[in-house]
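Now for the letters of each chain:
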Amino acid sequence: MAEAAIKLGGKKKSIFMDKVKEILPQGNLSLCLTCGLCSSGCPATGLESMDPRKFLRMVALGMDDEILASDWPWCCTMCQRCVRVCPMQIDIPQLIFNIRKARPREDRPKGIRDSCDAAMKTETLSAMGTSVEDFIFVVEDVLEEYQESQPEFADMQAPIDKKGAEFFLNQNSREPVTEPDEMVPLWKILHLAGADWTYGSKAWTGENYCLFIADTDNWEKITRAQAAMTTELGCKTYLNTE
Ligand code: SF4
Ligand code: SF4
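Overview of the structure. (Residues numbered from 1 in each chain as written. Chains lettered and ligands numbered in written order. Predicted model: local features only at pLDDT ≥ 70, side-chain atom pairs only at ≥ 80, totals over all residues. Heavy atoms only, no water.)

1. Remarks on the site of ligand 1
Line of reasoning, step 1. Around ligand 1 sit Cys32, Leu33, Thr34, Cys35, Gly36, Leu37, Cys38, Arg53, Leu56, Cys86, Pro87 and Ile90, and those are all the residues in its vicinity.
Line of reasoning, step 2. Listed by contribution, the elements that provide at least two residues to the shell around ligand 1 are α2 (37-40) and α3 (52-60).
Line of reasoning, step 3. Tallied by class, residues from the shell around ligand 1 come to nine nonpolar, two polar and one charged. (Near = heavy atom within 4 Å. Helix = DSSP H or I, 4+ residues; strand = E, 2+ residues; numbered from the N terminus. Nonpolar A, V, L, I, M, F, W, Y, C, P; charged D, E, K, R; others polar.)

2. Some points on the side chain of lysine 188
Line of reasoning, step 1. With respect to the helices, strands and loops of the structure, lysine 188 is situated in helix α10 (residues 184-193).
Line of reasoning, step 2. We note that lysine 188 is buried and unpaired, the nearest opposite charge coming from glutamate 152 at a distance of 6.0 Å.
Line of reasoning, step 3. Within the local environment of lysine 188, its side chain forms a polar contact with the side chain of glutamine 150, the two groups lying 2.7 Å apart.
Line of reasoning, step 4. If we ignore the near neighbours within four places in the chain, the residues touching lysine 188 are Tyr146, Gln150, Phe153 and Met156. (Buried < 20%, exposed > 50% of the residue type's maximum accessible area, 1.4 Å probe, protein only. Lys, Arg positive; Asp, Glu negative; His and termini not counted. Salt bridge = Lys/Arg side-chain N within 4 Å of Asp/Glu carboxyl O. Polar contact = N/O pair within 3.5 Å; in protein donor to acceptor, adjacent residues only side chain to side chain. Contact = heavy atoms within 4.5 Å.)

3. Details of a negative patch on the surface
Line of reasoning, step 1. Together, Glu140, Asp141, Glu144, Glu145, Glu148, Glu179, Asp181 and Glu182 line one region of the surface with negative charge.
Line of reasoning, step 2. Tracing the sequence through the fold places glutamate 144 in helix α8 (residues 132-149).
Line of reasoning, step 3. We classify glutamate 144 as partly exposed; its relative accessible area is 44%. (Patch = residues over 30% accessible without salt bridge, like charges linked within 9 Å, V, L, I, M, F, W, Y side chains within 5 Å. Areas by Shrake-Rupley, 256 points an atom, 1.4 Å probe, with all protein chains shown as cover. Charge placed at Lys NZ, Arg CZ, Asp CG, Glu CD.)

4. Section: the nonpolar core
Line of reasoning, step 1. Within the largest apolar cluster, 26 residues are counted, with the highest numbers of intra-cluster contacts made by Phe55, Ile67, Trp72, Ile92 and Ile96.
Line of reasoning, step 2. Contributions of two or more residues to this core are made by α3, α5 (81-85) and α6 (92-102).
Line of reasoning, step 3. Sorting elements by how many residues they give to this core places α6 first, with five residues.
Line of reasoning, step 4. Sequence-distant contacts of phenylalanine 55, defined by excluding residues within four places in its chain, comprise Met50, Ile67, Trp72, Pro73, Ile92, Leu95, Ile96 and Ile99.
Line of reasoning, step 5. Counting residues in hydrophobic clusters, the runner-up holds 17 residues, among them Val138, Val142, Trp197 and Tyr199. (Core = buried A, V, L, I, M, F, W, Y, C linked by side-chain atoms within 4.5 Å.)

5. Describing the state of the cysteines
Line of reasoning, step 1. In total, this model carries one disulfide according to the counting rule given.
Line of reasoning, step 2. A sulfur-sulfur separation of 2.1 Å characterises the disulfide bridge that pairs cysteine 116 with cysteine 210. Torsion about the S-S bond of the cysteine 116 and cysteine 210 cystine: about 100 degrees, corresponding to right-handed handedness. You can see cysteine 116 sitting in helix α7 (residues 110-119) and its partner cysteine 210 sitting in helix α11 (residues 209-212), a full 94 residues away along the chain. (Disulfide = S-S within 2.5 Å.)

6. Quick notes on the sheet that holds strand β3 (residues 237-239)
Line of reasoning, step 1. The three strands lie next to each other as β2-β1-β3, forming an open sheet whose pairing is parallel. Edge strands, defined here as strands with exactly one partner in the open sheet, are β2 (197-198) and β3.
Line of reasoning, step 2. Its contacts with the sheet put helix α12 (residues 216-233) on β1 (167-169), β2 and β3, and the angle it makes with β1 is roughly 140 degrees. (Pairing = 2+ DSSP bridges. Axes fitted to C-alpha atoms, helices over the stretch in contact; angles between N-to-C directions.)

7. With respect to the pattern of salt bridges
Line of reasoning, step 1. Under the criterion given, the structure shown has seven salt bridges.
Line of reasoning, step 2. Taken together, the shared-partner salt bridges connect Arg105, Asp117 and Asp215 into one network.

8. A few points about the packing of α3 against α6
Each pair of packed helices can be described by the angle between their axes along with the distance between the axes.
Line of reasoning, step 1. In contact at an axis separation of 11 Å, α3 and α6 are set at 60 degrees when each is read in the N-to-C sense. Looking at the two axes, α3 sits oblique to α6. You can see that α3 and α6 cross each other, and the crossing is left-handed. On α6, the residues touching Pro52, Phe55, Leu56 and Val59 of α3 are Ile92, Leu95, Ile96 and Ile99.
Line of reasoning, step 2. Considered class by class, the residues forming the contact of α3 with α6 number eight nonpolar, no polar and no charged. (Parallel < 35°, antiparallel > 145°, perpendicular 65-115°, else oblique. Left-handed = near helix turned anticlockwise from the far one by under 90°.)

9. Here's the deal with the site of ligand 2
Line of reasoning, step 1. Taken together, 13 residues lie near ligand 2, and Cys42, Cys76, Cys79, Gln80 and Cys82 sit nearest.
Line of reasoning, step 2. Elements with a minimum of two residues in the shell around ligand 2: α5 and α6.
Line of reasoning, step 3. Split by residue class, the shell around ligand 2 holds ten nonpolar, two polar and one charged.

10. Details of the side chain of asparagine 172
Line of reasoning, step 1. In this structure, asparagine 172 sits in the loop between β1 and α9 (174-178).
Line of reasoning, step 2. Residue classification places asparagine 172 among the buried positions, given a relative accessible area of 18%.
Line of reasoning, step 3. Among the polar contacts listed, one links the side chain of asparagine 172 to the backbone nitrogen of arginine 174, at a separation of 2.7 Å.
Line of reasoning, step 4. Side chain to side chain, asparagine 172 and glutamate 242 meet in a polar contact 3.3 Å long.
Line of reasoning, step 5. In this structure asparagine 172 touches Trp204, Gly206, Glu207, Thr241 and Glu242, once residues within four positions along its chain are discounted.

If you want it as structure tokens, here you go:
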């Protein structure tokens, strides 16, 4: 597939270039070898006619307006693959995070923004707005169904708020609402492994959309609430499934 050319022209800025200097070893952009390793493993390569190497070049050329107008930074999954393979350890996702923050919150993608806002309105932190009562009901209902229909799992448990459990397990927000059966395979694995685990009735959400929307305040609030619930239950390990 032919790569769209970078078009030069117009007044240049260097706000993001300054960020690049912060994340490059010794602040030297020439350390980027343009080897393309970052692009080769990036799941967002090709989307919006962009890839990490081209994106870094645009930053280096001071194309701030074009970068701010592009939706590509919102395609990045923050998976960090590019950093792992980069011979110069250039932290592209950190740069992308700064670019996301530079866009006014109301202009950031509505889907992610709404999920962050929904999480902040419930004690569960569910991006689907699931209440404590609904989560407990769904977990107990699904567990009972499997205990009855699959005798080999009659003793399986899905504890909520179990004090002193080894693992505090979090849970993707969508599954209890849209695909509750999808919660069960992990319960079975933990059961067969003899793991001592629990959900929390609060702060059980696995994902953190506030991170992806670059809302640092709410990202921190969610993370602190998850840690506080884990501590309150006396769990030793926070098990993140997301
Ligand atoms: S992997 Fe690193 S050095 Fe290679 S093009 Fe990407 S940012 Fe530059
Ligand atoms: S962190 Fe973003 S830019 Fe880097 S490989 Fe993952 S999706 Fe691509």
